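Structure assessment
In case you want the letters, here they are:
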Amino acid sequence: MDTAQVHAAPPAAERVYADVKAAILDRSLPGGHLLTEGEVAERVGVSRTPVREGLLRLQAEGLVHLIPKRGALVVPVSPAEVEDVLEARELVEVHTAARAWELRAELTGPLTGHLDDMRTAREAGDAWAFTAADRAFHATVVRAAGNEILAGLYDTLRDRQMRMGVAIVRGSRERMGTTLDQHAALLEALAGQDRGRWLDLVREHVRGAGQRLRSAR
């Protein structure tokens, strides 16, 4: 008897959701594009039945708008959305950073690992891996606060920000270097005893990312 474990493929609706979401975030499906259910079914290789379920999840996240009998419109990024996302991200990150301060001794190891991953990605010129490690660094701090609702909100905010500014980091070793320096400073502050400096650096880092995003639009 074969004892090798067989892994079932993800449900069709989950595949629709993941595939279309990834295409929206990397802008291969740009804002304003109208997706038909048939187009999505062919794209993912599924029947039309699970397509609507996957698109409904994307609509709930604000990434598409379903139009009866026509399909799903990829929601364009508006200036107001940019400002709303940046404001919400600052509120979440500074609040959770304050709560995570008490757990700083436990955070140093995981954050050092994420920083090492960022350095490796920069050396390889892999902007997507760099972005993933950057996001993991911040998400580790957010989750340390112990509020799952805020952690989920943070993930949604980073998805939406990725769609707004993924091109800012891609191909720019200088920008990746600046981001690395800022994360190293954050880690150093967390290992120290000055809570105020830690929170100031978190706030400055998030605001700096916002300024770069605004200037690139």
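All of the points below concern the structure found in this document. (Residues numbered from 1 in each chain as written. Predicted model: local features only at pLDDT ≥ 70, side-chain atom pairs only at ≥ 80, totals over all residues. Heavy atoms only, no water.)

The secondary structure content of the protein amounts to nine helices and three strands. The order of helices and strands in the protein, counted from the N terminus, is α-β-α-α-β-β-α-α-α-α-α-α. Across the 217 residues of the protein, 44% fall into the buried class. Summing over all exposed atoms, the protein offers an accessible surface of approximately 11,500 Å²; the carbon and sulfur share of this is 53%. Side-chain charges of the protein comprise 29 positive and 31 negative groups, with the mean position of each set lying 5 Å from the other. (Helix = DSSP H or I, 4+ residues; strand = E, 2+ residues; numbered from the N terminus. Buried < 20%, exposed > 50% of the residue type's maximum accessible area, 1.4 Å probe, protein only. Areas by Shrake-Rupley, 256 points an atom, 1.4 Å probe, with all protein chains shown as cover. Lys, Arg positive; Asp, Glu negative; His and termini not counted. Charge placed at Lys NZ, Arg CZ, Asp CG, Glu CD.)

Another aspect to go through is the pairing of strand β3 (residues 71-74). Note that strand β1 (residues 34-35) and β3 share two bridges and pair antiparallel. By the bridge assignment, Leu34 is partnered in β3 with Leu73. Two elements, strand β2 (residues 64-67) and β3, share four bridges in a ladder whose sense is antiparallel. Paired with His65 across the strands is Leu73, a residue of β3. Remark: three residues form the turn of the hairpin made by β2 and β3, two consecutive strands paired antiparallel; Lys69 in that turn has positive phi of roughly 65°. (Pairing = 2+ DSSP bridges.)

Relative to the elements of secondary structure, Asp134 occurs in helix α6 (residues 127-144). Residues within four places of Asp134 in sequence aside, it is in contact with Met118, Arg158, Thr179 and His183. (Contact = heavy atoms within 4.5 Å.)

A separate point is the sheet that holds β2. Taken in spatial order, the three strands make up an open sheet running β1-β3-β2, and their pairing is antiparallel. Unpaired on one side and paired on the other, β1 and β2 mark the two borders of the sheet. Lying over the sheet, helix α3 (residues 51-60) contacts β2 and β3, oriented at roughly 130° with respect to β2. (Axes fitted to C-alpha atoms, helices over the stretch in contact; angles between N-to-C directions.)

What follows concerns the nonpolar core. Counting 25 residues, the largest nonpolar core has Leu111 and Trp198 as the members making the most contacts within it. Ignoring any residue separated from it by four or fewer positions in sequence, one finds Trp198 in contact with Ala97, Trp101, Val141, Leu186, Ala189 and Leu190. Counting 19 residues, the second-largest nonpolar core is a separate cluster that includes Ala23, Leu29, Val40 and Val64. (Core = buried A, V, L, I, M, F, W, Y, C linked by side-chain atoms within 4.5 Å.)

Right, let's talk about α6 for a bit. Between its first and last C-alpha, α6 extends 26 Å over 18 residues, near the 26 Å set by a 1.5 Å rise per residue. Among the 18 residues in α6, 13 count as buried, and that is most of the element. At the N-terminal end of α6, a side-chain oxygen is found 3.2 Å from the backbone nitrogen of Trp128, two or three residues along, and the residue is Asp126. Directly beyond the C-terminal end of α6, a positive phi value near 80° is found at Gly146. (Expected span 1.5 Å × (residues − 1). Polar contact = N/O pair within 3.5 Å; in protein donor to acceptor, adjacent residues only side chain to side chain.)

A separate point is unusual backbone geometry. With a phi angle near 70°, Arg27 is a residue other than glycine that sits in the positive phi range. Within the fold, Arg27 resides in the loop between α1 (12-25) and β1. Residue Lys69 is not a glycine yet carries a positive backbone phi of 65°. The residue Lys69 is located in the loop between β2 and β3 in this model.

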